[in-house]
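Examining the three-dimensional arrangement
So you can see what is in the structure, the chains are spelled out below.
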Amino acid sequence: MIFSERDDLPSHFLLKIVSFSVLSKASITKYCSSEFEAGGFKWILSINPTGDKNKDAQDHISIYLELADTTKLGSCWDINSIFNFFIYDQVRDKYFSREDAKVKRFHCMKTKWGIPKFIDHETFNNPSDGYLVNDCCTFGVEVFIVKKTFKAESISMIRSPVRCKFFWKFDGVSRTNKEVNETKMVFGADGVVRTINMDVYESKQFYGADYKWSFLFWPNGIKKDAQIWNNYITVGLKLDTSDFPPGKKLLVDYTLRMKDQNDNDHYEQSDKYLISSVAAVFRRFMSLAKFRDPKKGFLVRDACIIEAEFEVLGIVTVE
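Residues numbered from 1 in each chain as written. Predicted model: local features only at pLDDT ≥ 70, side-chain atom pairs only at ≥ 80, totals over all residues. Heavy atoms only, no water.

Let's talk about the overall build of the protein chain
Looking only at helices and strands, the protein chain has 3 helices and 26 strands in total. For a compact globule of 319 residues, the expected C-alpha radius of gyration is about 20 Å, and the protein chain comes in at 35 Å, more than 25% above that figure. Classification of the 319 residues of the protein chain by burial places 44% in the buried group. Here the analysis covers contacts within the protein chain between residues at least 6 apart in sequence; of these, 67% occur between residues at least 24 apart. (Helix = DSSP H or I, 4+ residues; strand = E, 2+ residues; numbered from the N terminus. Rg over C-alpha atoms; globule rule 2.2 N^0.38 Å. Buried < 20%, exposed > 50% of the residue type's maximum accessible area, 1.4 Å probe, protein only. Contact = heavy atoms within 4.5 Å.)

Written as structure tokens, this is what we have:
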């Protein structure tokens, strides 16, 4: 690795050693500096004056950058950084560095990075090179943190998901076309609908697989400007995400079913969907003509029965 030179001091830390020969002859194989701060973290610069024997670096000076205290970083931490080590040329008044632009990752299994063979003793001790003058030398380091801008998503699959089944009996279907509410809803699974007028009904909440759910039902189809926008009823399954952290979703295998109250010839649609604040909805679930046909048995005595059968396959989180 070749040295590059510059006039400017290292940005973060300098270590001056007086009587270097005494240090190298002492029983101290590694000298650790006091703590210094860079990039919001505390670090230590360490020097092996006779080389790091574990790295076969005899006849060299080894230099390392270490995190000073990791106990306050919590669990599963990591820090990405680019750092440069320097040695001062006292004859030319220059700082020479062994630059390595690669990002180094500090984590619980790796809290120290460095260069075992930073400079050989022959070069270091040569007076004409200016690194050791009057038995004094100076080392330095600058540390730059590489900030993360990406998001990490994790999905935890459930080994033995519980299959849940719930039903909702909706009475008074014929009265619903007189009660129109304005709302805004974004649909998943079967399409997207912008801001429109519609008569949407929501059931009471029920518990399934440790989460709170409710049915959504548009018994007269979705309406726009008082006109029928499509000729289908719409049903959906809504998850209560009021206490979810941002980005959390559930991977759900679900079936929504309209019960045939006469002959048990039920009608259903199924899907697997990531449910969050966006409800899982079948917008064109069943035609209004089929739903209202008395021979089909879906609407009996002005009531229908909607059934949901589902299991939570996995949990998605975003870091």
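Having seen the structure, we can now continue with the description.
Examining the confidence of the model for the protein chain
Across the protein chain, pLDDT averages 88, with 90% of residues at or above 70. A low-confidence stretch, residues 179–197 stays under pLDDT 50, and its non-local contacts, those more than four residues away or across chains, total 52 contacts. (pLDDT = per-residue confidence, 0-100.)

Things to note about the environment of Gly314
Inspection of the secondary structure puts Gly314 in strand β26 (residues 303–318). Each C-alpha atom, one on Gly314 and one on Leu250, is 5.9 Å from the other, the two residues being 64 residues apart in sequence. Residues within four places of Gly314 in sequence aside, it is in contact with Ser156, Met157, Ile158, Lys249, Leu250 and Leu251.

Topic: the environment of Asp8
Its place among the elements puts Asp8 in the loop between β1 (4–6) and β2 (13–18). When the C-alpha positions of Asp8 and Tyr95 are compared, they lie 7.1 Å apart, and in sequence the two are 87 residues distant.

Thoughts on the side chain of His107
Considering the arrangement of structural elements, one finds His107 in strand β9 (residues 104–107). When neighbours within four sequence positions are excluded, His107 is seen to be in contact with Trp77 and Asp78.

Here's the deal with the pairing of strand β7 (residues 78–89)
The element β7 is largely enclosed, with a buried count of 10 among its 12 residues. Between β7 and strand β8 (residues 94–98), which pair antiparallel and follow one another directly, the connecting turn spans 4 residues, one of which, Asp93, has a positive phi of 55°. (Pairing = 2+ DSSP bridges.)

A look at the nonpolar core
Judged by nonpolar contacts, the single largest core of 35 residues is most densely connected at Trp213, Phe217, Tyr254, Met258, Phe291, Cys304 and Phe310. At the level of secondary structure, the elements contributing two or more residues to this core comprise β13 (164–171), β19 (211–218), β22 (232–239), β23 (249–258), β24 (267–275), β25 (280–287), α3 (288–292) and β26. The residues touching Phe217, leaving out its near neighbours within four places in the chain, are Trp168, Phe170, Asp199, Val200, Tyr201, Ile233, Thr234, Val235, Met258, Phe291, Cys304 and Ile306. One finds Phe13, Ile115, Cys137 and Phe139 within the second-largest nonpolar core, a separate group that totals 31 residues. (Core = buried A, V, L, I, M, F, W, Y, C linked by side-chain atoms within 4.5 Å.)

Overview of the pattern of salt bridges
Overall, the coordinates contain 16 salt bridges when judged by the stated rule. In this structure, Asp253 and Arg163 form a salt bridge, with 3.9 Å as the shortest nitrogen-oxygen distance. On the criterion of sequence distance, the pair formed by Asp253 in strand β23 and Arg163 in the loop between β12 (153–157) and β13 is long-range, its members being 90 residues apart. When the shortest N-O distance is used, the salt bridge between Lys212 and Asp240 registers 3.4 Å. Highlighted residues: Lys212 in strand β19 and Asp240 in the loop between β22 and β23, separated in sequence by 28 residues. The buried category is assigned to Asp240, whose relative accessible area is 16%. (Salt bridge = Lys/Arg side-chain N within 4 Å of Asp/Glu carboxyl O.)

Structural notes on the packing of aromatic side chains
Across all of its chains, the model carries 26 aromatic pairs by this definition. Plain terms: the ring middles of Phe85 and Phe118 are 6.4 Å apart, the flat faces sit at 75° to each other, and that makes the pair edge-to-face. One end of the pair, Phe85, is in strand β7; the other, Phe118, is in strand β10 (residues 112–120), and 33 residues separate them in sequence. Pair check on accessibility: Phe85 and Phe118 agree, each one buried. Feature note: the residues Phe3, Phe20, Phe41, Trp43, Phe83, Phe85, Phe96, Phe106, Phe118, Phe124, Tyr131 and Phe139 constitute an aromatic cluster, connected by ring pairs. Looking at Lys104, its charged tip hangs above the ring of Trp113, at a distance of 5.8 Å from the centre. The ring of Trp113 has Lys110 sitting right over it, with the charged end atom 4.5 Å from the ring centre. (Phe/Tyr/Trp six-rings, centres within 6.5 Å; stacked < 30°, edge-to-face > 60°. Lys NZ or Arg CZ within 6 Å of the ring centre and 35° of its normal.)

Here's the deal with the layout of surface pockets
Roughly 170 Å³ of volume is contained in the largest pocket. Lining the largest pocket, in full, are Glu35, Glu37, Gly40, Phe41, Lys42, Leu67, Asp69, Lys72 and Leu73. (1 Å grid on protein atoms, 1.4 Å probe; cavity = no way out; pocket = protein on both sides within 12 Å on 5 of 7 lines; lining within 4 Å. Points joined across faces, edges and corners; volume = space filled by probe spheres on them.)

Side note on unusual backbone geometry
The phi dihedral of Asp59 falls on the positive side, at around 65°, and the residue is not glycine. With respect to the helices, strands and loops of the structure, Asp59 is situated in the loop between β5 (41–48) and β6 (60–67). Residue Asp59 is classed as exposed on the basis of its relative accessible area, which comes to 54%. In this structure, Asp302 is a non-glycine residue whose phi angle is positive, near 65°. Relative to the elements of secondary structure, Asp302 occurs in the loop between α3 and β26. The exposure class of Asp302 is partly exposed, given its relative accessible area of 25%.

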